[in-house]
Amino acid sequence: MSIFRHRMIKQKENQIYVNASYTVEAAVIVPIILFTIAGGIHISFQLFDETKQATVIQEEVIELNPVKIIRNLTFLHDVTDGE
């Protein structure tokens, strides 16, 4: 374990040195991970918005009473034809 750690990190006079290959790999991997997390959050917000819109439409359809609308229109039509 100490041999692997010695190869990976070298310590000299209170300064830590890391091999350049680890730094380059981190410079490539970290932005990819951050973009992936940000993309997931963005997709989650879009899904939430679509679900909220679908719920509002469904609630409007449930509250819609077609029988009452037809009765009111028929009554108005009968009243206006009689005059």
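Cut-offs and rules
Numbers given to residues run from 1 along each chain, matching the order in which its sequence is written. Only residues with pLDDT of at least 70 get local features here, since the model is predicted, and only at 80 or more are side-chain atom pairs given and counted; chain-wide, interface and lining totals rely on the full set of residues. The basis for every side-chain value is the complete set of non-hydrogen atoms in the structure, without hydrogens or water. Helix and strand definitions here come from DSSP, where helices need a minimum of 4 consecutive H or I residues and strands a minimum of 2 consecutive E residues; each element is numbered from the N-terminal end. Accessible area is worked out with a 1.4 Å probe on protein chains only. A residue is then buried under 20% of its type maximum, exposed over 50%, and partly exposed in between. Surface exposure here means Shrake-Rupley accessible area, sampled with a 1.4 Å probe, where a residue is shielded only by the protein chains that are shown. Like charges are joined within 9 Å and nonpolar side chains (Val, Leu, Ile, Met, Phe, Trp, Tyr) within 5 Å, but only among residues with over 30% relative accessible area and no salt bridge; these make up the patches. When a carboxyl oxygen of Asp or Glu lies within 4 Å of a side-chain nitrogen of Lys or Arg, that pair is called a salt bridge. pLDDT is defined as a per-residue confidence score from the predictor, taking values between 0 and 100.

## Some details on the overall build of the protein chain
Helix and strand counts for the protein chain come out as three helices and two strands. Buried positions account for 0% of the 83 residues belonging to the protein chain. For the protein chain, the accessible area works out to roughly 8,100 Å², and carbon and sulfur atoms hold 65% of it.

## Comments concerning a nonpolar patch on the surface
A surface patch of nonpolar side chains, amounting to about 770 Å² of accessible area, comprises Val24, Val28, Ile29, Ile32, Ile33, Ile37, Ile41 and Phe45. Relative to the helices and strands, Phe45 is located in helix α2 (residues 20-63). For Phe45, a relative accessible area of 59% corresponds to the exposed category.

## Considerations on the confidence of the model for the protein chain
For the protein chain, per-residue confidence averages 79 on the pLDDT scale, and residues scoring 70 or more make up 78% of the total. For the protein chain, the element scoring lowest by mean pLDDT is helix α1 (residues 2-8), at 52; α2 scores highest, at 90.

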